[in-house]
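Structural features, examined
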Amino acid sequence: MATRAERNNDAGIVIRRKKLKPKRAVSRTVLYVILVALAVSFILPFLWLVASAFKETGNGQGMLSYVKFTLIPRNADGEIFFKTENFKNALEYLNATVLLKNTLIVAAVNTVVNTVFNSMAGYAFARINFKGKNVLFRIIILAMMIPGTVMMIPNLIICREMGIYDSLWALMLPFAMSIYNVFLMRQHFYSFSRELEEAAMIDGAGRLQTFFRIALPMASPMLIVTGVTTFMWNYNNFLWPLVATSSEENRTLALGLGSLISAGSSNPEIYPVMLAGSVVLSVPMIILFFVCQKYIIGGISAGAVKE
């Protein structure tokens, strides 16, 4: 049986492979080298963190024995050794059962509430004409320029007056809305065509029905992006839980890790336990990223193109 190349030659068809120009090939090679170097520079510190979390404590060298950049943990005799007990000690020190439950409750509730309210506000600014809309939106954009630390004391006073200080409610209510996410959702809804919404309204659908059945499903990529970033911010938030809570039962993982880091800085014996706690805290976010990676990229791409 004749091959495809032979049949093409018999038919008089000349197949030519497109070759890259020398300058373009060099530029692409340089680009790949830069990207690989950046990827390595980003991942090496985390690999060192994971490796150091399995190291032994002490050895008479204190903290400097862990500062050395070695990706393979070894014992005092130079043999490869993984001390998994560091993770057990880190979980016990962090009181992981209580702190993880508090963190997931706060992050999950804030993510759901934030996503729903921000999408509704963004849709209103993008599709509904009401008096003072442009002025109100400019005020909201202006509020983005205010540093979050400036609003910390007013929020703390409000929480005290409401009687929710030192509770999980104090960690959730002040962040029920996000100005940045409202802006993102508004811009995303602006990129949609109005035909589907107008057709739904002609069929008798109200504004809320049109929003929940037409607009919101189409905005799912951007909803996932804002949801992941909101969950990540609440999961890693340290300063506000430090100010708004005082009891152990209302602390979050970020606070627990902060206290473990403080203890590790003064006691080199628990330095690898501190690193193990850092690994434990970062694992859920890594899993979340890999699970939602294609949705995050799709949402960013969808938000960057306007129809």
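Notes on the structure follow. Model, not experiment: these values are computed from the prediction.

Considering the environment of F231
Within the fold, F231 resides in helix α12 (residues 220-236). For the pair F231 and T111, spaced 120 residues apart in sequence, the C-alpha to C-alpha distance is 5.5 Å. In contact with F231, not counting residues within four places along its chain, are L104, A107, A108, T111, M285 and L288.

Considerations on the nonpolar core
Grouped together as the largest cluster of nonpolar side chains are 22 residues, with contacts concentrated most on A53, F87, Y235, L260 and L275. If you list the elements that add at least two residues to this core, you get α2 (22-52), α4 (85-94), α5 (96-127), α12, α14 (253-266) and α15 (271-304). In this structure, L275 is in contact with W48, L49, S52 and A53, ignoring residues within four places of it in sequence.

Points about the side chain of T115
Within the element layout of this structure, T115 appears in helix α5. Overall, the relative accessible area of 17% leaves T115 in the buried class. Among the polar contacts made by the side chain of T115, one reaches the main-chain carbonyl oxygen of T111 at a distance of 2.6 Å.

Here we look at unusual backbone geometry
Although it is not a glycine, N95 sits at a positive phi angle of roughly 50°. Within the secondary structure, N95 sits in the loop between α4 and α5. A residue is classified by how much of its surface remains accessible, and N95, at 30% relative accessible area, is partly exposed. Phi at D166 is positive, roughly 60°, even though this residue is not glycine. You can see D166 is positioned in the loop between α7 (152-162) and α8 (168-172).

Quick notes on the packing of α5 against helix α11 (residues 207-218)
Where α5 contacts α11, the two axes come as close as 12 Å, and the packing angle between them is 105°. On the basis of their axis angle, the class for α5 and α11 is roughly perpendicular. For the pair α5 and α11, the contacting residues are S119, M120, Y123 and R127 in the first and R207, L208, T210, F211, A215 and L216 in the second. Among the residues forming the contact of α5 with α11, the class breakdown is six nonpolar, two polar and two charged.

Details of a nonpolar patch on the surface
Together, V26, V30, L31, Y32, I34, L35, L38 and F42 make up a nonpolar patch on the protein surface, roughly 810 Å² of accessible area in all. In this fold, V30 is placed in helix α2.

Quick word on the packing of aromatic side chains
One pass over the structure, following the stated rule, counts 13 aromatic pairs. When the centroid spacing of 6.0 Å and the interplanar angle of 80° are considered together, the rings of F175 and W240 count as edge-to-face. Highlighted residues: F175 in the loop between α8 and α9 (179-190) and W240 in helix α13 (residues 239-244), separated in sequence by 65 residues. Neither residue differs from the other here; F175 and W240 are each classed as buried. Taken together, the ring pairs connect Y123, F189, F211 and F212 into an aromatic cluster. The ring of Y165 is capped by R160, whose NZ or CZ atom sits 4.1 Å from the centre of that ring. Just above the ring of F137 sits the side chain of R186; from NZ or CZ to the centre is 3.9 Å.

Overview of α4
The complete set of buried residues in α4 reads N86, F87, A90 and L94. In an axial view of α4, the angular spread of the buried residues amounts to 95°, which keeps them on one side of the axis. Exposed positions of α4 whose direction lies more than 90 degrees from the buried face are K88 and E92. Count one or two residues on from α4 and you reach N95, which has phi positive near 50°.

What about the packing of α9 against α12?
Contact geometry of α9 with α12 gives a least axis separation of 10 Å together with a crossing angle of 170°. By the criterion of interaxial angle, the relationship of α9 to α12 is roughly antiparallel. Facing N181, L184, M185 and H188 of α9, the residues of α12 in contact are M222, L223, T226 and T230. Here the contact of α9 with α12 is built from residues that sort into four nonpolar, four polar and no charged.

The rules behind each value
- Residues numbered from 1 in each chain as written.
- Predicted model: local features only at pLDDT ≥ 70, side-chain atom pairs only at ≥ 80, totals over all residues.
- Heavy atoms only, no water.
- Helix = DSSP H or I, 4+ residues; strand = E, 2+ residues; numbered from the N terminus.
- Contact = heavy atoms within 4.5 Å.
- Core = buried A, V, L, I, M, F, W, Y, C linked by side-chain atoms within 4.5 Å.
- Buried < 20%, exposed > 50% of the residue type's maximum accessible area, 1.4 Å probe, protein only.
- Polar contact = N/O pair within 3.5 Å; in protein donor to acceptor, adjacent residues only side chain to side chain.
- Axes fitted to C-alpha atoms, helices over the stretch in contact; angles between N-to-C directions.
- Parallel < 35°, antiparallel > 145°, perpendicular 65-115°, else oblique.
- Nonpolar A, V, L, I, M, F, W, Y, C, P; charged D, E, K, R; others polar.
- Patch = residues over 30% accessible without salt bridge, like charges linked within 9 Å, V, L, I, M, F, W, Y side chains within 5 Å.
- Areas by Shrake-Rupley, 256 points an atom, 1.4 Å probe, with all protein chains shown as cover.
- Salt bridge = Lys/Arg side-chain N within 4 Å of Asp/Glu carboxyl O.
- Phe/Tyr/Trp six-rings, centres within 6.5 Å; stacked < 30°, edge-to-face > 60°.
- Lys NZ or Arg CZ within 6 Å of the ring centre and 35° of its normal.
- Arc of directions from axis to C-beta.

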